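Remarks on the overall topology
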Amino acid sequence: RPVIELAGVTKTYPGGVFALRSVDLVVDYGELLAIVGPSGSGKSTMLNLIGTLDRASRGTVRIDGHDVASLPDRQLSALRARRIGFVFQQFHLAPGRDALGNVADGLLYTGVGRPERERSAEAALVRVGLGDRLTHRPHQLSGGERQRVAIARAVAGDPPLLLADEPTGNLDSVSGAGVVALLRELNEAGTTILVITHDREVAGGLPRQVPMRDGRVI
Ligand code: ADP
Ligand code: ADP
């Protein structure tokens, strides 16, 4: 079964805005793809639906085999916490916590004790090449390193699906290329990754592009 399946998905916002118009999308386990399109084309809306942060107005959203519409909020939260990692343009790191703490805090939902959270966090930071930055706080790290910490936090619990919303949007082109290279490595190690970007160069460097315009996949 696919990890993501959108069938005839429409999303309207109050006021009558059609953010998505009858979108179909199938993503198989193991893919690395970009949703690419200009501002206002519906990318964030699609990410929110795939990330189970919002519900479709019409059509079916299936994530990891679950029909999102049929799940109560509590089960949806559990699905989101255990099966989906999120990375954002703004890194959303806690300024008072070091890299290890930021990543370990992302595992609070698992209910495991602090030593185990910190062991998993350290392993994730090593995976993203920051094994020598465990005790650095965000302000002591470069932009690219901050995004790597955020990626480590997103993958520390080994979710099968990683959603990255403009992950290079706040980075210079060299740091951005580093982040894309890291996403490729994580994908080769088995994580399915969906990247949202308006940057054609970033999208062009990934194996599959899904172009969007005016709420439609084109
Ligand atoms: P993108 O991420 O590609 O910039 P969005 O999904 O944010 O596109 O937006 C798609 C359309 O939906 C745009 O016309 C936008 O103005 C509108 N939109 C997005 N969020 C809301 C909202 N919460 N309320 C009303 N309209 C929205
Ligand atoms: P960039 O290479 O992205 O321009 P910097 O030149 O600011 O970033 O940082 C270079 C290296 O120095 C980074 O690896 C970062 O971890 C480290 N660094 C930067 N600022 C500090 C700081 N205030 N304290 C400790 N280490 C820092």
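It should be emphasised that the depicted structure is a prediction, and the values quoted were computed from it without experimental measurement.

**With respect to the pattern of salt bridges**
A complete count under the given rule lists 11 salt bridges for this structure. Arginine 133 serves as the salt-bridge partner of aspartate 132, at 3.3 Å between the closest nitrogen and oxygen. Aspartate 132 sits in the exposed class, given a relative accessible area of 53%. By relative accessible area, which is 23% here, arginine 133 ends up partly exposed. Each of Arg1, Asp64 and Arg83 takes part in a single network of salt bridges with overlapping partners.

**Focus: the pairing of strand β1 (residues 4-13)**
Pairing of β1 with strand β2 (residues 17-27) involves 7 bridges; the strand directions are antiparallel. Looking across to β2, one finds that isoleucine 4 is bridged to valine 27. Taking the residues that link successive antiparallel strands as the turn, the β1-β2 hairpin has 3 residues, and the phi of glycine 15 there is positive, at about 100 degrees. For β1 and strand β4 (residues 58-63), the ladder comprises 5 bridges, and the chain directions are antiparallel. Residue pairing in the sheet places isoleucine 4 in a bridge with isoleucine 63 of β4.

**Thoughts on the packing of helix α5 (residues 143-155) against helix α6 (residues 173-188)**
Between α5 and α6, the least distance of the axes is 9 Å, while the angle of their chain directions is 20 degrees. With respect to α6, the axis of α5 lies roughly parallel. When you trace α5 past α6, the crossing you get is right-handed. Residues Gly144, Gln147, Arg148, Ile151 and Val155 of α5 pack against Ser175, Gly178, Val179, Leu182, Leu183 and Leu186 of α6. When grouped by side-chain class, the residues that make up the contact of α5 with α6 number 6 nonpolar, 4 polar and 1 charged.

**Focus on the site of ligand 1**
Taken together, Tyr13, Val17, Ala19, Pro38, Ser39, Gly40, Ser41, Gly42, Lys43, Ser44 and Thr45 are the residues near ligand 1. Residue lysine 43 places a side-chain N or O atom 2.8 Å away from an oxygen atom belonging to ligand 1. Contacts to ligand 1 include serine 44, whose side-chain N or O atom sits 2.7 Å from an oxygen atom. Elements supplying a minimum of two residues to the shell around ligand 1: β2 and α1 (43-50). If one sorts the elements of the shell around ligand 1 by residue count, α1 sits on top with 3 residues. Tallied by class, the residues present in the shell around ligand 1 amount to 4 nonpolar, 6 polar and 1 charged.

Conventions adopted
- Residues numbered from 1 in each chain as written.
- Chains lettered and ligands numbered in written order.
- Predicted model: local features only at pLDDT ≥ 70, side-chain atom pairs only at ≥ 80, totals over all residues.
- Heavy atoms only, no water.
- Salt bridge = Lys/Arg side-chain N within 4 Å of Asp/Glu carboxyl O.
- Buried < 20%, exposed > 50% of the residue type's maximum accessible area, 1.4 Å probe, protein only.
- Pairing = 2+ DSSP bridges.
- Helix = DSSP H or I, 4+ residues; strand = E, 2+ residues; numbered from the N terminus.
- Axes fitted to C-alpha atoms, helices over the stretch in contact; angles between N-to-C directions.
- Parallel < 35°, antiparallel > 145°, perpendicular 65-115°, else oblique.
- Left-handed = near helix turned anticlockwise from the far one by under 90°.
- Contact = heavy atoms within 4.5 Å.
- Nonpolar A, V, L, I, M, F, W, Y, C, P; charged D, E, K, R; others polar.
- Near = heavy atom within 4 Å.
- Polar contact = N/O pair within 3.5 Å; in protein donor to acceptor, adjacent residues only side chain to side chain.

Function cannot be read off these values alone, since they describe shape.
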